[in-house]
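Below, each chain spelled out in residue letters.
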Amino acid sequence: SQQGEEDPQALSIQEGENATMNCSYKTSINNLQWYRQNSGRGLVHLILIRSNEREKHSGRLRVTLDTSKKSSSLLITASRAADTASYFCATDAVYATGANNLFFGTGTRLTVIP
Amino acid sequence: EAQVTQNPRYLITVTGKKLTVTCSQNMNHEYMSWYRQDPGLGLRQIYYSMNVEVTDKGDVPEGYKVSRKEKRNFPLILESPSPNQTSLYFCASSPRGDQPQHFGDGTRLSIL
């Protein structure tokens, strides 16, 4: 399966600390995406990094990608209580037909304690 | 406002009673997809559609049907629901399958 796997499954930190989540995947990709899900709600796209990029920033988010290790990390700096959510990585797959699709991991549950 | 709309948001029903969960997007997206989310299993894809009249199975298609007669709508049909289909369901759309997806707010189904 192409599905990514996040690590750790759960993470609890104090407000103001940094949070790092990791994602590993199995096959070659064109891009990797990170999403956020507040409890029971729909996922919200955070950031996309292409396979020829190594690092990308968006506000307090920093994403790295190491295609040789088939892994990515999401760093949230200066965390806030409002960052409490589940975070998912998603990898794309391109089929022989030219069709493409996204596969989601199982997520990291982040709790930021005020 | 750009959005993906699912209905109903919540449904409790009984085994064997056919049901349809509707999904509509107003962004003119080619790609649409259905996922189910269960504790510890993340999001698993049920069916996806690259374009009108083009649908394909995802990882867990058994017990589900879909259709894509128009670009904006992608209903999920459970012909004979069973308790193992109790789950949280999400519809999503994007311009293309590998691009950022917009998600609906989810439909929580309970099959008794």
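For the structure given in this document, a descriptive report is provided here. In this text, all values refer to a predicted model and were calculated from it rather than measured experimentally.

Applying the stated criterion across every chain yields a total of two disulfides over all chains. One disulfide bridge connects Cys23 of chain A with Cys89 of chain A, the sulfur atoms lying 2.0 Å from each other. With the S-S dihedral at roughly 65 degrees, the linkage between Cys23 of chain A and Cys89 of chain A falls on the right-handed side. Of this pair, Cys23 of chain A sits in strand β3 (residues 19-24) while Cys89 of chain A sits in strand β9 (residues 85-94); the two residues are 66 residues apart in sequence, bridging distant segments of the chain. Exposure class is identical for Cys23 of chain A and Cys89 of chain A. Each is buried. Cys23 of chain B shares a disulfide with Cys91 of chain B; S-S distance 1.9 Å. Across the S-S bond linking Cys23 of chain B and Cys91 of chain B, the dihedral sits near -75 degrees, which makes this disulfide left-handed. Highlighted residues: Cys23 of chain B in strand β3 (residues 19-25) and Cys91 of chain B in strand β9 (residues 87-94), separated in sequence by 68 residues. For the residue pair Cys23 of chain B and Cys91 of chain B, the accessibility class agrees, reading buried in each case.

Once that is clear, we can look at the environment of Ile12 of chain B. All names here are of chain B. Of note, Ile12 is situated in strand β2 (residues 10-13). Measuring from C-alpha to C-alpha, the distance between Ile12 and Asp59 comes to 25 Å, with 47 residues separating the pair along the chain. The contact partners of Ile12, leaving out residues within four places of it in the chain, are Ser110 and Leu112.

All right, on to the interface of chain B and chain A then. The partner chain A presents 22 residues to the 22 residues of chain B that form the contact. A combined buried area of about 1700 Å² lies between chain B and chain A, and 50% of that area is made up of carbon and sulfur atoms. Inspection of the chain B/chain A interface yields one salt bridge. The tally of links from chain B across to chain A stands at five residue pairs in polar contact (both at pLDDT 80 or more). Taken together, the elements giving at least two residues each to the side of chain B that touches chain A come down to β4 (31-38), β5 (42-51) and β9 of chain B. At five residues, β5 of chain B tops the list of elements feeding residues into the side of chain B that touches chain A. Looking at side-chain class alone, the side of chain B that touches chain A contains 10 nonpolar, eight polar and four charged residues.

Rules used in this analysis
- Residues numbered from 1 in each chain as written.
- Chains lettered and ligands numbered in written order.
- Predicted model: local features only at pLDDT ≥ 70, side-chain atom pairs only at ≥ 80, totals over all residues.
- Heavy atoms only, no water.
- Disulfide = S-S within 2.5 Å.
- Helix = DSSP H or I, 4+ residues; strand = E, 2+ residues; numbered from the N terminus.
- Buried < 20%, exposed > 50% of the residue type's maximum accessible area, 1.4 Å probe, protein only.
- Contact = heavy atoms within 4.5 Å.
- Buried area = accessible area lost by both parts, 1.4 Å probe.
- Salt bridge = Lys/Arg side-chain N within 4 Å of Asp/Glu carboxyl O.
- Polar contact = N/O pair within 3.5 Å; in protein donor to acceptor, adjacent residues only side chain to side chain.
- Nonpolar A, V, L, I, M, F, W, Y, C, P; charged D, E, K, R; others polar.

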